[in-house]
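The chain contents come next:
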Amino acid sequence: MSVANVLFDVLAPVAALVVLGALAGRPLGIDVTTLSRMSFYVLGPAFVFVVLADAELAGGVVLRLVLAALAGMVAAVAIVGVWARAANAPYEVMAASMM
């Protein structure tokens, strides 16, 4: 995959969405926080899903990707757990941080 392919296939649609949001945001009175949350929780995972669904990957590669993702999640939860206990955070704060 060349640099030009990466620029046009990956970055161009993202840049187009950013420009569209910047142009439409002010006249429509759209809240920036709402857009940020939507892009983080909805559009980002949807984009990753579409890219991975269209990719032609061998079974071993898919298994390694899934295991790496799970390992990253487990590590993040463990780090937050250690941090919350060290900071004497209430249970609710620890549980919310792990989500």
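Structure first, text after, so check above.
Residues numbered from 1 in each chain as written. Predicted model: local features only at pLDDT ≥ 70, side-chain atom pairs only at ≥ 80, totals over all residues. Heavy atoms only, no water.

Asks: Which residues make up the overall build of the protein, and what values go with them?
Replies: Scanning the protein from N- to C-terminus turns up four helices and zero strands. Reading the protein from its N terminus to its C terminus gives the helix and strand order α-α-α-α. Against the globule reference of 13 Å for 99 residues, the protein gives a C-alpha radius of gyration of 19 Å, more extended than a compact globule. Overall, the C-alpha framework of the protein stretches about 45 × 45 × 20 Å when taken along its three principal axes. Buried positions account for 5% of the 99 residues belonging to the protein. (Helix = DSSP H or I, 4+ residues; strand = E, 2+ residues; numbered from the N terminus. Rg over C-alpha atoms; globule rule 2.2 N^0.38 Å. Buried < 20%, exposed > 50% of the residue type's maximum accessible area, 1.4 Å probe, protein only.)

Asks: For helix H2 (residues 32–54), give the residues involved together with the corresponding values.
Replies: Here H2 is 23 residues long and its end C-alpha atoms lie 31 Å apart, about the 33 Å a rise of 1.5 Å per residue gives. Helix geometry: H2 is bent most strongly at Ser 39, by close to 40°. (Expected span 1.5 Å × (residues − 1). Bend = angle between axes of the 7 residues up to and from the residue.)

Asks: Quick rundown of the packing of helix H3 (residues 59–86) against helix H4 (residues 91–98)? Include the residues and the values.
Replies: Where H3 contacts H4, the axes come no closer than 9 Å and their chain directions differ by 160°. Relative to H4, the element H3 lies roughly antiparallel. For the pair H3 and H4, the sense of crossing is right-handed. For the pair formed by H3 and H4, the contact residues are Val 77, Val 80, Gly 81, Trp 83 and Ala 84 on the first element and Met 94, Ser 97 and Met 98 on the second. Within the contact of H3 with H4, the residues separate by chemical class into six nonpolar, two polar and no charged. (Axes fitted to C-alpha atoms, helices over the stretch in contact; angles between N-to-C directions. Parallel < 35°, antiparallel > 145°, perpendicular 65-115°, else oblique. Left-handed = near helix turned anticlockwise from the far one by under 90°. Contact = heavy atoms within 4.5 Å. Nonpolar A, V, L, I, M, F, W, Y, C, P; charged D, E, K, R; others polar.)

Asks: Outline unusual backbone geometry, listing residues and values.
Replies: Phi at Asn 88 is positive, roughly 55°, even though this residue is not glycine. In this fold, Asn 88 is placed in the loop between H3 and H4.

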